[in-house]
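# Summary of the model geometry
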Amino acid sequence: MLITSPNMTKPDESYAFLIATHEGLSETESHALNARLILILMNHIGDAAVLAEAMRLARDPSAV
Amino acid sequence: MKHDMPDRYALAFQLYPYAKSPDQAAAAPVRHPVIVVGGGPIGLATALDLGKRGVPVLLLDDHEGAGLGSRALCFAKRTLEICDRLGAAGPMLQKGVQWNLGKVFHDDRLLYEFNLLPEGGHAMPAFINLQQPWFEKFLHDAILAAQAEGAPIEIRGKNRVEGVTPATDHVALEVMTPDGPYALEAEWLIACDGARSPLRGMLGLGFEGRVFEDNFLIADVKMKADFPTERWFWFEPHFKSGDSALLHKQPDDIWRIDFQLGWNIDRAKELEPSRIRARVDAMLGPGVEYELDWCSIYTFQCRRMDRFRHGRVLFAGDSAHQVSPFGARGANSGVQDVDNLAWKLALVVQGVAPEALLDSYDTERVHGAEENILNSTRATDFITPKTPVSKMFRNAVLALAGTLPFARTVVNSGRLSLPCTYDGSVLNGADHAAMPARTRPGSPCPDAPLDGCWLLARLGRGFTLMGIGIGVPETMAAHGVTVEGLSLDPTPELVARYLGGAERGVYLIRPDQHVAARWDHLDAAAVAAALARAIGKE
Ligand SMILES: Cc1cc2nc3c(=O)[nH]c(=O)nc-3n(C[C@H](O)[C@H](O)[C@H](O)COP(=O)(O)OP(=O)(O)OC[C@H]3O[C@@H](n4cnc5c(N)ncnc54)[C@H](O)[C@@H]3O)c2cc1C
C-alpha cells in the first residue's frame, strides 16, 4: 500500500534539500538528476504494486 | 513444359533438390494426412517431430535448401533440449560456440560484466551461437537419419504453394514446380512459411503489431583476431558506428556485429562495403584484419496472428508471430511451437484425441507468443528509446549501472529466451502445494543427471509417469494412450527440482516434456483422469 498520509520526518528540510540538490544545474542536467533520483527511490520502495500506485497518482493526483 | 522458378534468396546448402513426384501426374489430387509448407527451421523441425511420431508428413518448400544470410544465431537451452529429443542436438553442440561472459558498455565505459554461469546438472548449455543455415542443415541431417529408420517424412524442393482452399475434411493446395502446377490435398496443413507467410495472405488473415522505427545493420565479419568469446554490447558507443552496437562470436571465425542506424537512412548507401568497413574499423580499432562475410539491414517488428489455428490450418513459427531479435526469441519460440503441436496433431491424426486438443495448441502458444512479444518489445524500447523522456530514463539507468548493482537489473539488451510455462492451460491437472514452483503443471521439466544419463533423455516419446521415491507401473494404458513408467530414486537434483517439501512424488509428463499433473502418492484413477484432461478428452 502506498503511503499518502504525511510520512516525511522533516518535510521542510527534505524539500529544501531537493531544491538545493539542483542548484547550479542546467535544465537538462536537472532532468537527468530527477531521473536518477526516481530510479534510486524506486529501488528503495521495491514493491511493484506500490510503485504502480505511485505512478498512477503522479499522473492523476485527483485519483486518491 | 519447364517453368522458370527463380530463387528469392541464395542457398547456403542445397538439401532437397527438386525431383518430380508421381503425385504430379495423378489423375485426381493426392491426399496426404499432413502437409507442412516451408522448410525453414520450424518446418523442418515439424516434419521431423511428426515423422518420428509415426505420422506421414509431406514438406513443401519453394527452394531447395537452407538460405544464406545473417539471421538466427543464438539457440537457447530449451531449443537444444527439443533438438536432442529429435536426434539433432549432437552436431549443433559440436559446431556451436558457447559463451558465458557478457560485457555492457556505455560510451567508452565498461558498466559491468555478467556471468551466465548456468545451474549445474543439465545436459544442455544455456545456449549456443550457431548460424541458422547450420541449424537447418543439422535438422535436415536428422530427417535423413529418421527416414533411414523408417520415419514417413517426404520433402519436395522447388514446390511453391500458390493457392489454398479450406474444405470441411481437408485443405486443397495448388503447387507450382519447374514441371508446372499440380494439386494436392491435406487433411491437416501446417503453415511454416515465415513472417511474410503467403498462406496467411491467401487466407486473408491479419498479422497485427508494432514496427520499430529503427534500422539495424547486421554485419557478419570473418577475422582471426583473438577477441575473447564474450558478448559485448554498447549503448551509445564512443566509436560512433551506431546508437548501439553488439559483438558476438560465431563458429568458423565469424563474428556477428550489429549497428543501430536510426530510422531515416539511405539503405543502399549504408550497404556500400566502404561505409560498412568504416563502421567496423571504428569499432575494432586500427590494424585488425577482417573480411565482410554477409551484411544486411533489418527493421524489426513485434506482431502476431490473433489465433494460430484456423480449422485444419495451423500456423507455427514466424508465420504466426514475429519478434525483434533482442533476446533471440524468433526461432527459439518457433521450435517450442513445434514441440507443442507435433504430439497433439499426432494423437488427433491417430484418432486417439479429439480435434479440440488442437485448440490448446492455439491457447498455449498464443500465451508463449505474448510473453515473447512483451519481452522483446521491452528490450527494443530500452535499446531504442522512442521519446526524449524514455531516453533520459534509459541513460539514467546506464549512469547508475556502473556503480549500483540494482540498476544493472533494469539494463535490458535482450532477455534470453526461456521456455514458456503454460499456467492456466486447460490441459493442466492436479498440483501439489509442497512441491517446487518451477515444476508446477504447465512447466517444462528441468533436466537432472540420472545414473549415467539425463532425465530429459528418458522423457518425450509419449506420456511418462515418473515416480520419485515411489515405484510406478512400467506401463499403464488409459484412453487409448500407453503411459510409460519411470521409477527413480531421489537424487539431490531430483529432490530440489521435483520434490521440494514433499517426501516423494508422482509426475504425469506430456510428450513435450511439460508437466501435466503431480501428486505425492500414486493413484491410478487420478492419473487416468489427468491423462484424459491432458489429451483434451475432458
Ligand atoms: C537479424 C536476425 C537475427 C535473428 N536472430 C535470432 C536468434 O539469435 N535466435 C532466434 O531464435 N531467432 C533469431 N531470428 C529469427 C529467426 O531467423 C526466425 O524466427 C526463423 O527463421 C523463423 O523460422 P520459420 O521456419 O518460421 O520461417 P523462415 O525461416 O522464414 O522459413 C520459411 C520457409 O518457407 C518457405 N516458403 C515461403 N513461402 C512459401 C511458399 N509459398 N511455398 C513453399 N515454401 C514457402 C521459405 O522459402 C522458407 O524456406 C533472427 C532474425 C533476424 C532477421
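Residues numbered from 1 in each chain as written. Chains lettered and ligands numbered in written order. Predicted model: local features only at pLDDT ≥ 70, side-chain atom pairs only at ≥ 80, totals over all residues. Heavy atoms only, no water.

### So, the overall build of chain B
Helix and strand content of chain B: 13 helices and 29 strands. By the compact-globule yardstick of 24 Å for 538 residues, chain B fits well, its C-alpha radius of gyration being 24 Å. Each of the three principal axes of chain B carries a C-alpha extent, and together these read 70 × 70 × 40 Å. Considering chain B as a whole, with its 538 residues, one finds that 56% of them fall into the buried category. Across chain B, the fraction of contacts at a sequence separation of at least 24, relative to all contacts at a separation of at least 6, is 72%. Of the roughly 21200 Å² that chain B leaves accessible, carbon and sulfur atoms contribute 52%. Side chains of chain B carry 55 positive and 66 negative charges; the gap between the two charge centres is 3 Å. (Helix = DSSP H or I, 4+ residues; strand = E, 2+ residues; numbered from the N terminus. Rg over C-alpha atoms; globule rule 2.2 N^0.38 Å. Buried < 20%, exposed > 50% of the residue type's maximum accessible area, 1.4 Å probe, protein only. Contact = heavy atoms within 4.5 Å. Areas by Shrake-Rupley, 256 points an atom, 1.4 Å probe, with all protein chains shown as cover. Lys, Arg positive; Asp, Glu negative; His and termini not counted. Charge placed at Lys NZ, Arg CZ, Asp CG, Glu CD.)

### Structural notes on the overall build of chain A
The helix and strand tally for chain A stands at three helices and zero strands. Helices and strands in chain A line up, N terminus first, as α-α-α. Since a compact globule built from 64 residues should have a radius of gyration of about 11 Å, the 13 Å found for chain A marks it as more spread out than a globular shape. Its C-alpha atoms give chain A principal-axis dimensions of roughly 35 × 25 × 25 Å. Taking the average place of the 4 positive charges on the side chains of chain A and the average place of its 8 negative ones, the gap between the two points comes to 6 Å.

### Remarks on the environment of T384(B)
All names here are of chain B. In this fold, T384 is placed in the loop between α9 (357-383) and α10 (388-401). Along the backbone, T384 and F235 are 149 residues apart, and their C-alpha atoms lie at a distance of 9.5 Å. At 2.3 Å, the side chain of T384 forms a polar contact with the side chain of K386. (Polar contact = N/O pair within 3.5 Å; in protein donor to acceptor, adjacent residues only side chain to side chain.)

### Things to note about the packing of helix α1 (residues 41-52) of chain B against helix α8 (residues 330-349) of chain B
All names here are of chain B. One can describe the packing of α1 onto α8 by two numbers: an axis separation of 9 Å at closest approach and a directional angle of 30°. The angle between α1 and α8 places the two elements in the roughly parallel class. When you trace α1 past α8, the crossing you get is right-handed. Of α8, the residues touching α1 (which contributes I42, A45, T46, D49 and L50) are A331, G334, V335, V338, D339, A342, L345 and A346. Along the lines of polarity and charge, the residues of the contact of α1 with α8 split into nine nonpolar, two polar and two charged. (Axes fitted to C-alpha atoms, helices over the stretch in contact; angles between N-to-C directions. Parallel < 35°, antiparallel > 145°, perpendicular 65-115°, else oblique. Left-handed = near helix turned anticlockwise from the far one by under 90°. Nonpolar A, V, L, I, M, F, W, Y, C, P; charged D, E, K, R; others polar.)

### Things to note about the domain arrangement of chain B
Residue and element names in this part refer to chain B. One can read the domain layout of chain B as domain 1 (11-21 + 28-82 + 126-207 + 303-370) and domain 2 (437-534). Averaged C-alpha coordinates put domain 1 and domain 2 at centres separated by 29 Å. Taken together, the contacts link eleven residues of domain 1 with 15 residues of domain 2. Taken together, the two surfaces of domain 1 and domain 2 that pack against each other cover about 920 Å², and 46% of this comes from carbon and sulfur. Interface area lost by domain 1 to domain 2 is led by R53, R78 and W343, which between them contribute 52%. Along the contact surface separating domain 1 from domain 2 lie one salt bridge. Put simply, R510 and E364 hold a salt bridge, and the shortest N to O gap is 2.9 Å. Our count for the contact surface shared by domain 1 and domain 2 stands at seven residue pairs in polar contact (both at pLDDT 80 or more). For the side of domain 1 that touches domain 2, the elements supplying multiple residues, two or more each, are α2 (77-85), α8 and α9. By residue number, the principal contributor to the side of domain 1 that touches domain 2 is α8, which donates five residues. For the side of domain 1 that touches domain 2, the per-class residue count stands at four nonpolar, one polar and six charged. (Domains from an automatic or database assignment. Buried area = accessible area lost by both parts, 1.4 Å probe. Salt bridge = Lys/Arg side-chain N within 4 Å of Asp/Glu carboxyl O.)

### Points about helix α13 (residues 524-534) of chain B
Residue and element names in this part refer to chain B. If you check which residues of α13 are buried, you get V527, A528, A530, L531, A532 and A534. A side-chain oxygen of the first residue of α13 lies 3.0 Å from the backbone nitrogen of A525; this N-cap is D523. Immediately beyond the C-terminal end of α13, within one or two residues, lies G536, with a positive phi of roughly 75°.

### Quick word on the site of the ligand
Residues and elements named next belong to chain B. Near the ligand lie 34 residues; those nearest to it are Y9, D61, D62, Q132 and D318. Within the side chain of Q132, an N or O atom sits 2.8 Å from an oxygen atom of the ligand. Contact between the ligand and V161: a nitrogen atom at 3.1 Å from a main-chain N or O atom of the residue. Burial of the ligand by the surrounding chains reaches 91%, relative to a free accessible area of 1000 Å². Taken together, the elements giving at least two residues each to the shell around the ligand come down to α1, β10 (160-166) and α8. (Near = heavy atom within 4 Å.)

### Considerations on the sheet that holds strand β13 (residues 208-211) of chain B
Residues and elements named next belong to chain B. Spatially, β13-β19-β22 is the arrangement adopted by the three strands of the open sheet, whose pairing is antiparallel. In the strand order of this sheet, the two ends are held by β13 and β22 (321-322), each with one partner. Where β13 meets strand β19 (residues 301-304), four bridges bridge the pair, whose relative direction is antiparallel. The residue of β19 that forms the bridge with G209 is R303. In this fold α9 packs onto β13, β19 and β22, with an angle of close to 165° to the strand it touches most, β19. (Pairing = 2+ DSSP bridges.)

### Some thoughts on the nonpolar core
It is characteristic of soluble globular proteins that their nonpolar side chains tend to be buried jointly. Residue and element names in this part refer to chain B. Membership of the largest hydrophobic core comes to 98 residues, with the highest contact counts inside it found for M92, L173, F463 and L508. Both domains that meet at this core, namely domain 1 (11-21 + 28-82 + 126-207 + 303-370) and domain 2 (437-534), each give it at least three residues. Those residues in contact with L508, other than ones at most four positions away along the chain, are F463, T464, L465, V483, H514, V515, A516, A517, W519, V527, A530 and L531. With 27 residues, the next largest nonpolar core counts V104, F212, L398 and L400 among its residues. (Core = buried A, V, L, I, M, F, W, Y, C linked by side-chain atoms within 4.5 Å.)

### Description of the interface of chain B and chain A
Taken together, the contact pairs seven residues of chain B with eight residues of chain A. In this assembly, chain B and chain A are joined by zero salt bridges. One can count zero residue pairs in polar contact (both at pLDDT 80 or more) joining chain B with chain A. Here the side of chain B that touches chain A takes six residues from α10(B), the largest share from any one element. Split into classes, the residues belonging to the side of chain B that touches chain A amount to seven nonpolar, no polar and no charged.

### Observations concerning the pairing of strand β16 (residues 244-249) of chain B
Residue and element names in this part refer to chain B. Among the six residues that make up β16, six are buried, leaving the element largely enclosed by the rest of the structure. Both faces of β16 are covered, namely the face carrying S244, L246 and H248 and the face carrying A245, L247 and K249. Here strand β15 (residues 231-235) pairs with β16 via four bridges, running antiparallel. Looking at the pairing, W232 lines up with L247 of β16. As paired strands, β16 and strand β17 (residues 254-262) are joined by five bridges and run antiparallel to one another. Each bridged residue has a counterpart across the sheet, and for A245 the counterpart in β17 is F259. Counted along the chain from β16 to the antiparallel partner β17, the turn is four residues long, and its residue D252 has a positive phi close to 65°.

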